[in-house]
Amino acid sequence: MKKSTNATKFNRHDLGLLLLRLGTGGVLAAHGTQKLFGWFGGHGIEGTGAFMESVGYEPGKASARASGLAETGGGTLLALGLATPAAGAAAAGAMAGAAAVHTPNGFFNTEGGYEYAATLGLAAAGLAITGPGRLSLDHAFRHVFDRGWMVPAALAATGAATALVVGARTKRVRKDKEGEQEPLFED
């Protein structure tokens, strides 16, 4: 008996990718709307912009908009499974910027570390590389926005932009700390 293969049939791989996309994308989108609109207890553009400047991302409001759009847009598109390479890369870039702020605090989130940002960023990058699965808008639209060449292009462009932004921030933070003396002894 010949086994039928149906291209529209989905399997547990597709269901797993759907759950990962919905969870990761939903968290990213909610986090981004805190920055953009002040939803879910966020501070909106004004408050987030002031925070961004305080941690070395200048100009603050533009940085808040850029990270908010990358998180909200990237997260929403990931959840939908649309333009998955670009969506995952944008979200991963935003999380790399967040991780840079938290790195001095170590790894664990309980100490203010980069654990949370790294987890979201790696999940987003993994989805950009793996693809959305068949339970996605990319699949419904015949992968018009999810071509193989788009993965390295999106990750390279986002990686370059992120390196420039995070590098400029690191330079500003180091310059601001020049001349500061660390305490020689603990009290």
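So, here is what we can say about the structure in this document. (Residues numbered from 1 in each chain as written. Predicted model: local features only at pLDDT ≥ 70, side-chain atom pairs only at ≥ 80, totals over all residues. Heavy atoms only, no water.)

1. Section: the packing of aromatic side chains
Logical step 1: Taken as a whole, this structure holds 4 aromatic pairs when the rule is applied.
Logical step 2: Between the aromatic rings of Trp-39 and Phe-40, the centroid separation amounts to 6.4 Å while the plane-to-plane angle is 85°, which identifies the pairing as edge-to-face.
Logical step 3: Its relative accessible area of 47% is what places Trp-39 among the partly exposed residues.
Logical step 4: Arranged with centres 5.0 Å apart and planes meeting at 80°, the rings of Phe-107 and Phe-108 form a pair that is edge-to-face.
Logical step 5: Its relative accessible area of 38% is what places Phe-107 among the partly exposed residues. (Phe/Tyr/Trp six-rings, centres within 6.5 Å; stacked < 30°, edge-to-face > 60°. Buried < 20%, exposed > 50% of the residue type's maximum accessible area, 1.4 Å probe, protein only.)

2. Some words on the layout of surface pockets
Over the atoms rolls a probe the size of a water molecule, and in doing so it shows where empty space is left.
Logical step 1: Computed from the structure, the largest pocket encloses a volume of approximately 870 Å³.
Logical step 2: Lining of the largest pocket is provided by 38 residues; of these, Lys-35, Met-52, Ser-67, Glu-71 and Ala-98 occupy positions nearest its centre.
Logical step 3: Looking at the lining of the largest pocket, the elements that each hand over two or more residues are helix H1 (12-37), helix H2 (44-54), helix H3 (60-80), helix H4 (84-102), helix H5 (115-130) and helix H7 (150-177).
Logical step 4: Its residues assigned to classes, the lining of the largest pocket comprises 18 nonpolar, 16 polar and 4 charged.
Logical step 5: The space that makes up the second largest pocket amounts to roughly 160 Å³.
Logical step 6: As for the second largest pocket, its lining consists of Ala-100, Pro-104, Arg-169, Thr-170, Val-173, Arg-174 and Lys-177.
Logical step 7: For the lining of the second largest pocket, the element with the highest residue contribution is H7, accounting for 5 residues.
Logical step 8: In terms of residue class, the lining of the second largest pocket is made up of 3 nonpolar, 1 polar and 3 charged. (1 Å grid on protein atoms, 1.4 Å probe; cavity = no way out; pocket = protein on both sides within 12 Å on 5 of 7 lines; lining within 4 Å. Points joined across faces, edges and corners; volume = space filled by probe spheres on them. Helix = DSSP H or I, 4+ residues; strand = E, 2+ residues; numbered from the N terminus. Nonpolar A, V, L, I, M, F, W, Y, C, P; charged D, E, K, R; others polar.)

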